[in-house]
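Read off the chains here:
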Amino acid sequence: QVQLVESGGGLVQAGGSLRLSCAASRTIATISVMGWYRQAPGKQRELVAATTNSGSTNYASSVKGRFTISRDNAKNTVDLQMNSLKPEDTAVYLCRAFTIGREYWGQGTQVTVSS
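So, here's what we can say about the structure. What you see is a predicted model; the values in this text were computed from it and never measured. (Residues numbered from 1 in each chain as written. Predicted model: local features only at pLDDT ≥ 70, side-chain atom pairs only at ≥ 80, totals over all residues. Heavy atoms only, no water.)

1. Some words on the overall build of the protein chain
And step 1. Across its full length, the protein chain holds zero helices and eleven strands.
And step 2. Going from N to C terminus, the protein chain has its helices and strands arranged as β-β-β-β-β-β-β-β-β-β-β.
And step 3. Over its C-alpha atoms the protein chain spans a radius of gyration of 13 Å, differing by no more than 12% from the 13 Å that the globule rule assigns to 115 residues.
And step 4. With the C-alpha coordinates of the protein chain rotated into their principal frame, the extents come out at 40 × 25 × 20 Å.
And step 5. Within the protein chain, contacts between residues at least 6 apart in sequence are counted, and of these 55% link residues at least 24 apart.
And step 6. Only carbon and sulfur atoms are counted for the fraction: they give 48% of the accessible area of the protein chain, which is about 6,000 Å².
And step 7. Charged side chains in the protein chain number 12 positive and 7 negative. The centres of these two groups are separated by 3 Å. (Helix = DSSP H or I, 4+ residues; strand = E, 2+ residues; numbered from the N terminus. Rg over C-alpha atoms; globule rule 2.2 N^0.38 Å. Contact = heavy atoms within 4.5 Å. Areas by Shrake-Rupley, 256 points an atom, 1.4 Å probe, with all protein chains shown as cover. Lys, Arg positive; Asp, Glu negative; His and termini not counted. Charge placed at Lys NZ, Arg CZ, Asp CG, Glu CD.)

Here it is, written out as structure tokens:
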């Protein structure tokens, strides 16, 4: 079992930055994939960025060059640094852990980008 708690969301103007953090209830060193997803009203949930325990990362094309995912196995956290935010980035951002064939989700944190 893994409990995930996201923090760091809020309201920001277009062009601004936010840093989201996902805290896990246990070590993430053995969790295969940690990722950030987002879901906007009326839209499907989509992958934003993910990182594996071997250090590889993957980003949605819409956020490449603007967002950076980082994993701290010592602190059991996965952060998402979001720069140059756009109104279309507005969504609930959720943290996901995938390990040994099971997935776990956090409750999400709201990010709102005003134009």
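Still more ground to cover, so stick around.
2. A few points about the state of the cysteines
And step 1. According to the stated counting rule, one finds one disulfide in the structure shown.
And step 2. The partner cysteine of Cys22 in its disulfide is Cys95, sulfur to sulfur 2.1 Å. Since a negative S-S torsion denotes a left-handed disulfide, the Cys22-Cys95 link at about -80° is left-handed. With Cys22 in strand 3 (residues 18-24) and Cys95 in strand 9 (residues 91-99), this pair connects stretches of sequence that are 73 residues apart. (Disulfide = S-S within 2.5 Å.)

3. As for the side chain of Arg96
And step 1. Mapped onto the elements of the fold, Arg96 is located in strand 9.
And step 2. Residue class for Arg96 comes out buried when judged on its relative accessible area of 14%.
And step 3. Among the polar contacts listed, one links the side chain of Arg96 to the side chain of Glu103, at a separation of 2.8 Å.
And step 4. Ignoring sequence-local partners within four residues, the contact set of Arg96 consists of Leu4, Val33, Met34, Gly35, Tyr37, Glu103, Tyr104 and Trp105. (Buried < 20%, exposed > 50% of the residue type's maximum accessible area, 1.4 Å probe, protein only. Polar contact = N/O pair within 3.5 Å; in protein donor to acceptor, adjacent residues only side chain to side chain.)

4. Considerations on the sheet that holds strand 8 (residues 77-82)
And step 1. Ordered by their spatial adjacency, four strands build an open sheet running 1-3-8-7, and the pairing between neighbours is antiparallel. Two strands in the sheet have a free side with no partner beyond their single neighbour: strand 1 (4-7) and strand 7 (67-72). Sheet twist, expressed as the mean angle between neighbouring strand axes with direction ignored, is 15°.
And step 2. Pairing analysis gives six bridges linking strand 7 to strand 8, with the strands arranged antiparallel. By the bridge assignment for strand 8, Asp72 is matched with Thr77. (Pairing = 2+ DSSP bridges. Axes fitted to C-alpha atoms, helices over the stretch in contact; angles between N-to-C directions.)

5. Topic: the nonpolar core
And step 1. Leu4, Met34, Trp36, Leu80, Met82 and Tyr93 are the most contacted members of the largest nonpolar core, which totals 30 residues.
And step 2. Elements represented by at least two residues in this core include exactly strand 3, strand 4 (33-39), strand 5 (46-52), strand 7, strand 8, strand 9 and strand 11 (109-114).
And step 3. When sequence neighbours within four positions are dropped, the list of residues in contact with Tyr93 reads Glu6, Leu20, Trp36, Tyr37, Arg38, Val48, Phe67, Leu80, Met82, Gly108, Thr109 and Val111. (Core = buried A, V, L, I, M, F, W, Y, C linked by side-chain atoms within 4.5 Å.)

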